[in-house]
Amino acid sequence: GAVVSQHPSRVICKSGTSVKIECRSLDFQATTMFWYRQFPKQSLMLMATSNEGSKATYEQGVEKDKFLINHASLTLSTLTVTSAHPEDSSFYICSANAIGGYTEAFFGQGTRLTVV
Amino acid sequence: GEDVEQSLFLSVREGDSSVINCTYTDSSSTYLYWYKQEPGAGLQLLTYIFSNMDMKQDQRLTVLLNKKDKHLSLRIADTQTGDSAIYFCAETLSSNTGKLIFGQGTTLQVKP
């Protein structure tokens, strides 16, 4: 099946620094990717929809200046957490749907971000 | 708005069947999914069902959909210790089939 690779899988950073998370579709093209956030023992909350070649669409309550999303190609979307604070510590997961296919969203392995 | 609800915890003995339930509110759901998440890992798609289907079976997994009651269930036959994980149901809406709305997840504990 299709593979979505997310990198890094785990990152620890200092407060005030920025962290970039990459989401790549390895064997298919994706015009749309999705970024989710998961708090411990909670469900996944959609943060934003990443659109190739255009601006991301953010869900209500998500700060677009804090969570910068760039979808520069049909196989890569990046999420940058800017000026990270401890409350940004979370598990971030991306997903992608193949072009023309919408029955299955393929998920990355997730990134565990810890801000100290 | 869209809402997906699941019970939070289920404990079964190895070899028994597990049934995980889910309810949703949006009648325009097109696809309904079951995902499995093991500790510290991403989501693995187990199965999905189109909203015009009542049942889907795939090896040990059986999905039942009651569209009238907006109720979805996942039955795992002959549950094994390796099935211990968190199970999420999710729906996509007719307006945007790529965006998933997730339930809170059901933690399945399988006792030997």
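Residues numbered from 1 in each chain as written. Chains lettered and ligands numbered in written order. Predicted model: local features only at pLDDT ≥ 70, side-chain atom pairs only at ≥ 80, totals over all residues. Heavy atoms only, no water.

> Now, about the environment of I21 of chain A: what can you tell me, with residues and values included?
All names here are of chain A. Mapped onto the secondary structure, I21 falls in strand 3 (residues 19–25). Judged by relative accessible area, I21 falls into the buried class, the value being 0%. I21 sits 13 residues away from P8 along the chain, and the two C-alpha atoms are 6.4 Å apart. If sequence neighbours within four positions are ignored, I21 has contacts with Q6, H7, P8, W35, S77, T78, L79, Y92 and T111. (Helix = DSSP H or I, 4+ residues; strand = E, 2+ residues; numbered from the N terminus. Buried < 20%, exposed > 50% of the residue type's maximum accessible area, 1.4 Å probe, protein only. Contact = heavy atoms within 4.5 Å.)

> Tell me about the packing of aromatic side chains, residues and numbers included.
Following the criterion strictly, the structure yields 13 aromatic pairs over all chains and no others. Judged by centre distance (6.3 Å) and plane angle (45°), the ring pair of F67 of chain A and Y92 of chain A falls under tilted. Of this pair, F67 of chain A sits in strand 7 (residues 67–73) while Y92 of chain A is found in strand 9 (residues 90–96), placing the two residues 25 residues apart along the sequence. Here F67 of chain A falls in the buried class, since its relative accessible area comes to 6%. Taking 5.1 Å as the distance between ring centres and 80° as the angle between the ring planes, the aromatic pair formed by F107 of chain A and Y35 of chain B counts as edge-to-face. Placement of the pair is F107 of chain A in strand 10 (residues 106–107) and Y35 of chain B in strand 4 (residues 29–37), with the two residues belonging to separate chains. For the pair F107 of chain A and Y35 of chain B, a shared accessibility class is recorded, and that class is buried. An aromatic cluster of three or more residues is present, and its members are Y36 and F107 of chain A together with Y31, Y33, Y35, Y48, F50, F88 and F102 of chain B. Positioned above the aromatic ring of Y48 of chain B, the side-chain terminus of K56 of chain B is 4.1 Å from the ring centre. (Phe/Tyr/Trp six-rings, centres within 6.5 Å; stacked < 30°, edge-to-face > 60°. Lys NZ or Arg CZ within 6 Å of the ring centre and 35° of its normal.)

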